[in-house]
Every structure is written in structure tokens, then in C-alpha cells.
Amino acid sequence: MGNYFSPERETASLEQIRAWQTEGLIKAVNKVWNNVPYYRRKMEMAGVTPDDIKGLNDLKKLPFLTKDDLREAYPYGLMAEPLEKCVRIQSTSGTTGRRVVAFYTQNDVDLWEECCARALVAAGATKDDVVHVAYGYGLFTGGAGLHGGSHRLGSMTLPMSSGNTDRQIQFMTDLGSTILCCTPSYAAYLAESIHERGLIDKIRLKAGIFGAEAWTEEMRHDIEQALHIKAYDIYGLTEISGPGVAFECQAQAGMHINEDYFIVEVIDPKTGEVLPEGAKGELVFTSFSKEAFPLLRYRTKDICILSREKCSCGRTFVRMSKPLGRSDDMLIIKGVNVFPSQIETVLLNNGYAANYQIIVDRQKHSDSIEVLVEMTPEMFSDEMSEIKAREKKLVGDLKSMLGIYAVVRLVEPKSIVRSEGKAVRVIDKRNLYKG
Amino acid sequence: MTTKQISVFLENKPGSLAAFCKVLEKHNIDMRAMCLADAMDFGILRIIVDDTFTTMTTLKDEGYVCQITKVLTIEIEDKPGALVGLLTALGDENVNLEYSYAFLSRKADKAYMILKLDNMAKAKEVLLKLGTRIVCQDEMEQIFGD
Ligand SMILES: [Zn+2]
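The present account deals with the structure reproduced in this document. (Residues numbered from 1 in each chain as written. Chains lettered and ligands numbered in written order. Predicted model: local features only at pLDDT ≥ 70, side-chain atom pairs only at ≥ 80, totals over all residues. Heavy atoms only, no water.)

**Some details on the overall build of chain B**
Our working definition: Secondary structure elements are defined from DSSP: runs of H or I of at least 4 residues count as helices, runs of E of at least 2 residues count as strands, and each element is numbered from the N terminus. For the radius of gyration, the atoms used are the C-alpha atoms, and the globule rule reads 2.2 Å times the number of residues raised to 0.38. The rule is simple: take the accessible area with a 1.4 Å probe, protein chains only, and divide by the maximum for that residue type; under 20% is buried, over 50% is exposed, in between is partly exposed. In this analysis, two residues are considered to be in contact whenever any of their non-hydrogen atoms come within 4.5 Å of each other. Shrake-Rupley sampling with a 1.4 Å probe provides the accessible areas, and residues are treated as covered by the protein chains on show and by no other component. Under this rule, positive means Lys or Arg and negative means Asp or Glu; His and the chain ends count for nothing. Charged groups are reduced to one reference atom each: NZ for lysine, CZ for arginine, CG for aspartic acid, CD for glutamic acid.
For chain B, the helix and strand inventory stands at 5 helices and 7 strands. Ordered by position in the sequence, the α and β elements of chain B form the string β-α-β-β-α-β-α-β-β-α-β-α. In terms of C-alpha radius of gyration, chain B reaches 16 Å, essentially the compact-globule figure of 15 Å for 146 residues. Reported as C-alpha extents along the three principal axes, the dimensions of chain B are approximately 45 × 35 × 25 Å. Within the span of chain B, comprising 146 residues, buried residues form 48% of the whole. Excluding contacts between residues fewer than 6 apart, the proportion of contacts in chain B whose partners are at least 24 apart in sequence is 69%. Within the structure as shown, chain B displays about 7,700 Å² of accessible surface, and the carbon and sulfur contribution to it stands at 49%. With 17 positive and 22 negative side-chain charges, chain B shows a spacing of 2 Å between the two charge centroids.

Written out as C-alpha cells, the structure is:
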């Protein structure tokens, strides 16, 4: 199985990979020290200077970056290049309260698109394919990433964006889409809609690249069966570049991390201590090749296991498991990042006590979110229409805060399940991390 | 000339009204009249009791969200068309009836109606002009007695 987009890099020796990483790390640390006062201060507080970083073994001396740092430094605080050199901005999905923006120079965009092109080739795409991109376009990195990857590969790009299922299916049948890129839940929905319309025989898809949310092996099996395709996972974060930080190959046994551009570590989320390869822990990335927005030791909060076992595809890049959980309370619902604290903010902004519970479910591969809110004297009225109006306002505020529609259910005070006196904030019925 | 009604938030699920009644029973509170209005997932229970303030305190202590709403209690004559004339008169004066419910008094052998109207002052005027008897909070005890 020898199809690679960048063969000399994707099959490089470990020694070569380490050499790239060492050189890149030293350069990035010096650049950040000189150009990013925010991170320099963090280094100074940790008592580290660029002279202390001579190789990969010194990486652990550097302080971590978290999403909180990105928010604190918003918008320009972590930029390592002047704005004039930047050509693109992307942002994390759906959230107004906790926005994170990332900047790209042309080289950064090229690097990102190359990563996505690698993912496409690993899924079997060639320049003769029709790549149907049904990820959302816009600030979200899903659409732009795979779109760019497809361009780079030279295949035909169908920039569909998300939604309008009838049009998706029409283009798919009329223009013969062969590679589908979208969230796994949308792929499942499309599959169902195609069968409902009796059009499966007109579909020419051979593979799909599905990411931006957690999915199980069971879901993979269902999508593969329904669409007669091979379904591949892809991983990425806007902070690090976007989708394509890691991608699955035809072995479908973990995602190869583009180690020539990113250094990955696994840490104990509680102590921050680096764990040996093969241990389960939180992924930490150092995007040493990025020009505008290089992040040193960025904590992803994704719990994974790395494997350097030889892969049948011939790639030498380390493989990461599907995320096995989160080390924070972030939920990914319909591909959108949701923090329970955002719901708390909406309630407090409306003058209500923040007694709530989030119930997330997935029916027919589609996510739903229900927010139980305990009634308070401020929300109550003798008039039904007034309570309804307040409920409606909450739904509207949640929609603009989260970017997705949440059902609100008003419940009696103290009716939300408490565990040792603390309300249970999240009930996730999806069991995403078991498959 | 108004009556104090207690409005309580209840969830629309099996057993929630029963649980509420149990609380009243536990505290020896008699419900003189009640009416439940419900939306999809929740309802507003409206009740008339003897001692409004003690009941409010008790309910709050028991963890209910409730509030006092002023309503009108009127005596209904036991003859055909009595209610029609009354509602028509209110309508003619542009007074809107938000909700109403009825109860009986065995002691006084009469029927009563609770009315919630958008313009209480105007409503009182109209009702008095019709000669309708409006029951005050103080009279409730006489109606119910024990
Ligand atoms: Zn492989």
C-alpha cells in the first residue's frame, strides 16, 4: 500500500523525523522568545531561556499553553509574525464566549493544506477524484482545510459546505462525487437520506474522511455499509492548524500524526508529567513549523494513546488512537465545542441561578442537547405566556452562545440529580469513547 | 376586595401533583380551590387556602417556587345566564379574562368563581355595577368555615 502525498517525508526514518523536530523546535523557541512577549514571560517565570532548549529532551522544560492562554492573549497576543505577513484567520467553532482565533501566513496555509492532501491520499484519493466537501465553510477549519487539501492534490473540489441535503445528494449523483468530507453524523444522515430517496445506485463514493467530532467503530461500520465506502477518521485543532494534524491510513488503525510539522507528547493531565509512548494521557502539541501562530506545548485536553508500532501502510509517523475522553469538561455536540460554563453564563446573564443539567444524546447518529433548568422565583410567573417567553429567550441566548439549538426544559427546584451535594452537570448518553 | 391565590410551579410528570398534595397534607393545609394549567413540560398550579402567608412559607421551605397572585372571587347566582351576562359586561368594557375556575361551598351552599383579569380595577367596577357579590379575603373563612 504505497500511496503517499509526500512520500519522502511520510516514510522518513525516525532519526530523520527527530532531526527535523530538533531543528524546528530550537528555531521556534528562539522565534517565540523574541516575538511573543506573552510566552516569553511564561518562560521567564519557569526560569527557562532558549539556551536551555538544545534538543527534544529539553522540551519538557517549556511551560504549557492552554485554551485559557489563547483567550487571555486574544486576539494578537500569541502572534509571532507581523499582521502584514498573515493571509488568513480561522476560529474555533460556534462559541461567542470563548472564541479562539488563529492566524496563518501563506506558508502556514500551505502546510495545513499539505496535511489535508496527505489525509486525502491516505484515504485513496488521487487527482482524478471528485472531493465533496460538506464541512461548514467559514471561520470553522473543516471546510477550508479539506477544500485546500483537495486543491493541493489537484482533484476536483466540490465546495458544498454543510446543510441543504437535497442539493448535496443532487451534486453527488450528477457530478459523481467520489470522496466525501464531513462530520460523521452528517455522513450518517446523508446515507439515510440517500437510501430514503432510493438513490444509492447512483452514488459513486469510494471513501469518506470524517472528523470534528467523536465517533465509534460501530458508527464507522454503519456508514461504510450504508454508503459502500471506506470511512476514515481525521484529527485536528484550529489552534494547531486545523484538520489534518493527524489522519487515518488504509489500515484504519489509528491516525498518523504529521510529525515532520508537529511534535506530540502525552502527559499526565493532573501532574503535567510526560508519560512514556504507549501510555494513556493528554495529547500536547508543539507546532514548530507554523510561522504566524506557533504554539509550544499546547494542551489539547484530548486523552489518547500513541503507538509507534510499524504500520502496514509504510508510514513512519506515530499513530494516535481516537480520543478516549477529555481531561476537561468540554463536550463536542454536532461538531461544535460546548462548555457547561457557557450555559451557566447564559443563565446568570438572564438573572437566574445556575442550576442546570445538560443531557446529550445521539439518535440515528445525530446529536441532540437538552438543558434542564431548575425554576427560580425570578423565572416564575402566574402567567403561562410570561414563563414561555422567558423560556424562549433562554433558547435564543443559548443558540447564540453555543451556535447550536438546545432544547430547554424547566424543572422543579432541587430536582436535578446531586452527587455528594454537587449537581451533576452533564449526562452524555452517547458513550462515544467506548468504540 | 381581592383574594390571594398561590401560584406554584409544577413539573408535568407523573406524581408531581400527588407529591405536592402530600406536602399540604403533612402541614395540615386545606386546599379550598385549585386549578392546574399546563404547558408541555410544566404547569402552574393555582390554589386558594385559608392561611395564605403560612402556606407560602411552608411551600418555600419545601422547595417550591411559588408566588401570590391577586384574583377576584365572586358569588355566582344559581340561575341560567348569570355567567353569560357577567362575562359579556366585562367584554364590553374591554376587560380580558385570563383564566377562571370555580368552587362550591357546602357551608354557604353556593357556587363561587375565581377570576383573573387583566384590568382588576375596571373589572371590579363592572361587577359591582351588575350587583355581583365580590368575596373578600376575610370572608373566605366564613365561606369555608370548619
Ligand atoms: Zn498507516
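**Some thoughts on the interface of chain B and chain A**
A common way to express how large an interface is: the accessible area buried when the components associate. Using the following cut-off: For any pair of parts, buried area is found by adding up, for both, the accessible area (1.4 Å probe) each one loses once the two are put together. The rule for a salt bridge is simple: a side-chain nitrogen of Lys or Arg has to be within 4 Å of a carboxyl oxygen of Asp or Glu. The term polar contact refers here to a pair of N or O atoms within 3.5 Å; inside protein, the definition further demands a hydrogen-donor-capable atom paired with an acceptor-capable atom, and it admits residues adjacent in sequence only when both atoms are side-chain atoms. Under the convention adopted here, Pro, Cys and the residues Ala, Val, Leu, Ile, Met, Phe, Trp and Tyr are nonpolar, Asp, Glu, Lys and Arg are charged, and Gly plus all remaining residues are polar.
Listed by partner, the interface residues are 23 residues for chain B and 18 residues for chain A. Both sides together, the interface formed by chain B and chain A hides about 1,600 Å², and carbon and sulfur atoms give 63% of it. Sorting the residues of chain B by area buried against chain A places F9(B), F42(B) and V65(B) first, and these three jointly supply 37% of that buried surface. Among the salt bridges present, the one from D382(A) reaches R46(B), with a minimum N-O distance of 2.8 Å. There are 5 residue pairs in polar contact (both at pLDDT 80 or more) connecting chain B and chain A. The class makeup of the residues in the side of chain B that touches chain A is 11 nonpolar, 6 polar and 6 charged.

**Looking at the coordination of the zinc ion**
Residue and element names in this part refer to chain A. Our working rule: Note that water is not among the atoms considered, so a metal site may appear incomplete; the donors listed are N, O and S atoms within 2.8 Å of the metal, with 3.2 Å applied to Na, K and Ca. Four donors are marked tetrahedral only if all angles between them lie between 85 and 135 degrees, whereas four are marked square planar and six octahedral if opposite donors are more than 155 degrees apart and the other angles lie between 65 and 115; the remainder are marked irregular.
At this site the zinc ion is bound by C249 (SG), H256 (NE2), C311 (SG) and C313 (SG), with donor distances of 2.1 to 2.2 Å. Geometry at the zinc ion is tetrahedral, judged from the 4 donor atoms that bind it and their angles of 102 to 113° at the metal. Look at where the donors of the zinc ion fall in the sequence and you get C-x6-H-x54-C-x1-C. Neither C311 nor C313 differs from the other in exposure class; each is buried.

**A closer look at the environment of C304(A)**
Residues and elements named next belong to chain A. Along the chain, C304 falls in strand β12 (residues 298-307). Measuring from C-alpha to C-alpha, the distance between C304 and I267 comes to 9.9 Å, with 37 residues separating the pair along the chain. In this view, C304 contacts A279, K280, G281, L283, M320, S321, K322, P323 and L324; residues no more than four positions away in its chain are not counted.

**Considerations on the sheet that holds strand β19 (residues 407-411) of chain A**
All names here are of chain A. Quick note on the threshold: Strands pair, by our definition, only if DSSP identifies at least two bridges between them. Here, axes are lines fitted to C-alpha atoms. For helices the fit covers the stretch in contact, and angles between N-to-C directions go from 0 to 180 degrees.
Taken in spatial order, the 4 strands of this open sheet run β19-β18-β17-β22, and their pairing is mixed. Looking at strand neighbours, the two that pair on one side only are β19 and β22 (426-428), the edges of this open sheet. Ignoring which end each strand starts from, the neighbouring axes of this sheet average 20° apart. Note that strand β17 (residues 356-363) and β22 share 3 bridges and pair parallel. Each bridged residue has a counterpart across the sheet, and for I359 the counterpart in β22 is I427.

**Observations regarding the nonpolar core**
Residue and element names in this part refer to chain A. To be explicit about the condition: Put simply, buried Ala, Val, Leu, Ile, Met, Phe, Trp, Tyr and Cys residues joined by side-chain atoms within 4.5 Å make one nonpolar core.
In this structure, L62, L78, L120, Y235, L283, F285 and M320 are the most contacted members of the largest nonpolar core, which totals 73 residues. Among the elements that take part in this core, helix α5 (residues 106-122) stands out by supplying 9 residues, more than any other. If we ignore the near neighbours within four places in the chain, the residues touching Y235 are G242, P243, G244, V245, A246, M255, L283, F285, T300, D302, M320 and P323.

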